[in-house]
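Structural features, examined
As a plain string of letters, each chain reads:
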Amino acid sequence: MIATQFQGAFSDNALKFLVIYLIVERDFPGDVRDHFILLVGALFALPFIFFSLVGGYLADRYSKRSVTIGTKIFELGVMIFAFASLAIGNLPMEAASVFLISTQGALFGPSKYGLLPELLPAKELSWGNGVIELGTFIAAITATMSAGFLAGAFRGRQVWSGAILLALTLIGLVLSFGISRVPAANPARKFRANPFADLGGQIRIIAQDRILGWAVAGNTYLWFLAALLQFVIVVYGHDVLQVDETQISYLQAAVGIGIGVGSLIAGYLSFGEIEYGLVPLGALGMTVFGFLVSRSDLGLWQVRSDLAMLGFFGGFYAVPLNALIQHRPAPEHKGGVIAASNLLSFVGVFFAAGLYFVLSSYAHFGAARIFLAGAVMTLAATANSVFLLPDSLLRLKQWAFRNPKSRSHHDNQS
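Residues numbered from 1 in each chain as written. Predicted model: local features only at pLDDT ≥ 70, side-chain atom pairs only at ≥ 80, totals over all residues. Heavy atoms only, no water.

**Some details on the overall build of the protein chain**
This is how it is decided: Helical segments are the DSSP runs of H or I of at least four residues, strand segments are the runs of E of at least two, and each set is numbered from the N terminus. Taken over C-alpha atoms, the radius of gyration is set against a globule rule of 2.2 Å times the number of residues to the power 0.38. Between buried and exposed lies partly exposed: a residue is buried under 20% and exposed over 50% of the maximum accessible area for its type, with that area taken using a 1.4 Å probe on protein chains only. What makes two residues a contact is simply this: any of their non-hydrogen atoms within 4.5 Å. Surface accessibility follows the Shrake-Rupley procedure with a 1.4 Å probe radius. Residue values consider only the protein chains on display as shielding. Under this rule, positive means Lys or Arg and negative means Asp or Glu; His and the chain ends count for nothing. Just so you know, the charge point we use is NZ for Lys, CZ for Arg, CG for Asp and CD for Glu.
Assigned secondary structure in the protein chain consists of 15 helices and zero strands. In terms of overall size, the protein chain behaves like a compact globule, its C-alpha atoms giving a radius of gyration of 20 Å where 414 residues would be expected to give roughly 22 Å. In terms of overall dimensions, the protein chain has a C-alpha envelope of 60 × 50 × 35 Å along the principal axes. Within the protein chain, the fraction of its 414 residues that count as buried is 57%. Taking all contacts inside the protein chain whose residues are at least 6 apart in sequence as the whole, residues at least 24 apart take part in 85%. Just so you have it, the protein chain exposes about 16,300 Å², and 68% of that area is on carbon and sulfur atoms. Charge separation in the protein chain, taken as the distance between the mean sites of 27 positive and 23 negative side-chain charges, equals 8 Å.

**Remarks on a nonpolar patch on the surface**
In plain terms, the rule: Each patch is built from salt-bridge-free residues with over 30% relative accessible area, joining like charges within 9 Å and nonpolar side chains (Val, Leu, Ile, Met, Phe, Trp, Tyr) within 5 Å. Salt bridge criterion: a side-chain nitrogen from Lys or Arg within 4 Å of a carboxyl oxygen from Asp or Glu.
Nonpolar side chains collect at one region of the surface, where F291, L372, V376 and L379 lie side by side and expose about 320 Å² of accessible area between them. No other element matches helix 13 (residues 367-388), which puts three residues into the nonpolar patch. Along the polypeptide, L372 turns up in helix 13. Classification of L372 by relative accessible area gives partly exposed; the value is 36%.

**Comments concerning the packing of aromatic side chains**
The test is simple: Aromatic rings from Phe, Tyr and Trp, with only the six-membered ring used for Trp, were paired whenever their centres fell within 6.5 Å, and each pair was classed as stacked if the ring planes differed by under 30 degrees, edge-to-face if by over 60, and tilted otherwise. Cation placement over rings: the criterion is NZ of Lys or CZ of Arg within 6 Å of the ring centroid and within 35° of the ring normal.
Applying the stated criterion across every chain yields a total of ten aromatic pairs. Taking 5.4 Å as the distance between ring centres and 75 degrees as the angle between the ring planes, the aromatic pair formed by Y236 and F371 counts as edge-to-face. In this pair, Y236 sits in helix 8 (residues 210-240) while F371 sits in helix 13, placing the two residues 135 residues apart along the sequence. Each member of the pair Y236 and F371 is classed as buried. On the numbers, 5.2 Å between centres and 45 degrees between planes, the contact of F312 with F316 is tilted. On the criterion of helical spacing, the pair formed by F312 and F316 is a turn pair, its members being four residues apart in helix 11 (residues 300-327). Comparing F312 with F316 shows no difference in burial state: the two are buried. Aromatic rings pair up to connect F289, F312, F313 and F316 into one cluster. A cation over an aromatic ring shows up here: K72 above the ring of F108, its NZ or CZ 6.0 Å from the ring centre. Sitting over the face of the ring of W301, R304 holds its NZ or CZ atom 4.4 Å from the ring centroid.

**Observations concerning the pattern of salt bridges**
Evaluation of the coordinates by the stated rule reveals five salt bridges. Close ionic contact of R210 with D391 constitutes a salt bridge, the shortest N to O distance being 3.3 Å. Residue R210 is found in helix 8, and its partner D391 is found in helix 14 (residues 391-400); the two are separated by 181 residues along the sequence.

**Some remarks on unusual backbone geometry**
Here Q242, not a glycine, exhibits a phi torsion of approximately 55 degrees, which is positive. Examined against the element boundaries, Q242 turns out to sit in the loop between helix 8 and helix 9 (245-269). Positive phi, normally seen in glycine, also occurs at H364, with a value near 55 degrees. Tracing the backbone shows H364 in the loop between helix 12 (334-362) and helix 13.

**Some thoughts on the side chain of K16**
By the element assignment, K16 lies in helix 1 (residues 2-24). In this structure K16 is buried but unpaired, with D12 as the nearest side chain of opposite charge at 9.8 Å. Leaving out residues up to four positions away in the same chain, K16 has contacts with F44, V98 and Q230.

**Side note on the packing of helix 1 against helix 3 (residues 64-88)**
Short version of the rule: Axis lines are fitted to C-alpha atoms, over the contacting stretch for helices. Their N-to-C directions set the angle, which ranges from 0 to 180 degrees. For classification purposes, an angle smaller than 35 degrees is called roughly parallel, one larger than 145 roughly antiparallel, one from 65 to 115 roughly perpendicular, and anything else oblique. Whether a crossing is left-handed or right-handed is set by the direction in which the near helix is turned from the far one by less than a right angle, anticlockwise for left-handed and clockwise for right-handed. Nonpolar residues are Ala, Val, Leu, Ile, Met, Phe, Trp, Tyr, Cys and Pro. Charged residues are Asp, Glu, Lys and Arg, and all others, Gly as well, are polar.
At their nearest, the axes of helix 1 and helix 3 sit 12 Å apart, and the two run at 25 degrees to each other. It follows from the interaxial angle that helix 1 and helix 3 lie roughly parallel. Relative to helix 3, helix 1 is oriented so that their crossing is left-handed. Here T4, Q7, G8, S11, L15, L18 and L22 of helix 1 come into contact with helix 3, specifically with T68, K72, E75, M79, A82 and L86. Of the residues that constitute the contact of helix 1 with helix 3, the class distribution is six nonpolar, five polar and two charged.

**A closer look at the nonpolar core**
Stated formally: In this description, a nonpolar core means a group of buried Ala, Val, Leu, Ile, Met, Phe, Trp, Tyr and Cys residues linked to one another through side-chain atoms lying within 4.5 Å.
Ranked by internal contacts, the top residues of the largest apolar core, which has 110 residues, are V303, L307, Y317, Y356 and F371. Apart from residues no more than four positions distant in its own chain, Y317 is found in contact with G218, Y221, L222, V279, G282, A283 and M286.

**Observations regarding helix 13**
Selection criterion: In a helix, the anticipated span is given by 1.5 Å times the number of residues less one.
With 22 residues, helix 13 extends 31 Å from end C-alpha to end C-alpha; this agrees with the ideal 32 Å at 1.5 Å per step. Taken together, the buried residues of helix 13 touch helix 8, helix 10 (278-293), helix 11, helix 12 and helix 14.

**Digging into the packing of helix 1 against helix 6 (residues 159-176)**
Look at helix 1 against helix 6: their axes get within 9 Å of each other, and the N-to-C directions meet at 160 degrees. It follows that helix 1 is roughly antiparallel to helix 6 by the angle criterion. Considering only the axes of helix 1 and helix 6, their crossing is left-handed. The residues of helix 6 that touch helix 1, namely those facing A3, T4, Q7, F10, S11, A14, L15 and L18, are S161, L165, L168, T169, G172, L175 and S176.

Next up, the structure:
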């Protein structure tokens, strides 16, 4: 499962950022470039909004292993299309391939995350999320760096980029057959043609559990902020630091390394529990380093270190939220709840693309000022999350003093 997830995350991100780099290197006027970046961001987010609930139905109705294999076969078809679009250098087809690979991700996501609680006991769920997040972000790091390399090394010959991505998808399909067999969680679940038909019901399930609702809201904000930073980093590197695609990919890599390491450490430091006291600590760290990276006249290495630390605290923020979303729902509702959470997180991604466009094209914010805006929004989100669940601060205090007895007592009360 970890290997299959790694390949999928790598291929998704490599294709997305390759298309973004191909847009940037064409030297469109600034407003045209911003429109194209907005379009790619929207095409990446919309499938998760439209098809996540379908993925949730599949994850509940069928074995999550079978769904995973089926989506990898679909991915193979997508990469054949991407290969053709890169071979002929057709930008609309390249953008369409981003939409299609995101559709595959939307269908795969609920099974991917739903498999964790079926393969691991609850006490290892935070650890498992830490490992998965580390693998995911190592994949994202290498994919972002590879996309920059592919854009430069195969300039005018992107058919080779398509061939590499296609070969990796074949490897991922083979790996998926090694996932442990698991039974269907809810084989009696009925399919609804309207992809949003179950959304209201899933949101009601989420809203009935105060901690689960808090986790889903926090996860949505995290995806919103991550997407906004991805757009900004590309433009910041190109316009402010004036570095090439490879150096921009290193900036993206700094964030990914930070998130991966932070996620793994957060998993271990949860001490066998789902420690949501780490969430306010992670949010505060993201706020601080968001402010720091927005300063003017920073050197390349200072930007990298600030972004790495921002990502590190993002890992502390992400791991307990993911574990709560996987653990809190009843088994027969896990796929649907995870799908609804995915949908909402990519509503956040979609709005991030829109906000980037508004701030850059209408408010005329430079990349550094958008970093500052992100830090201010994170500070506000942190205050709001603590207001909604003040227990998280108590959990943080208990975690800091490593008092397992107090934490266990508080878990029983929750």
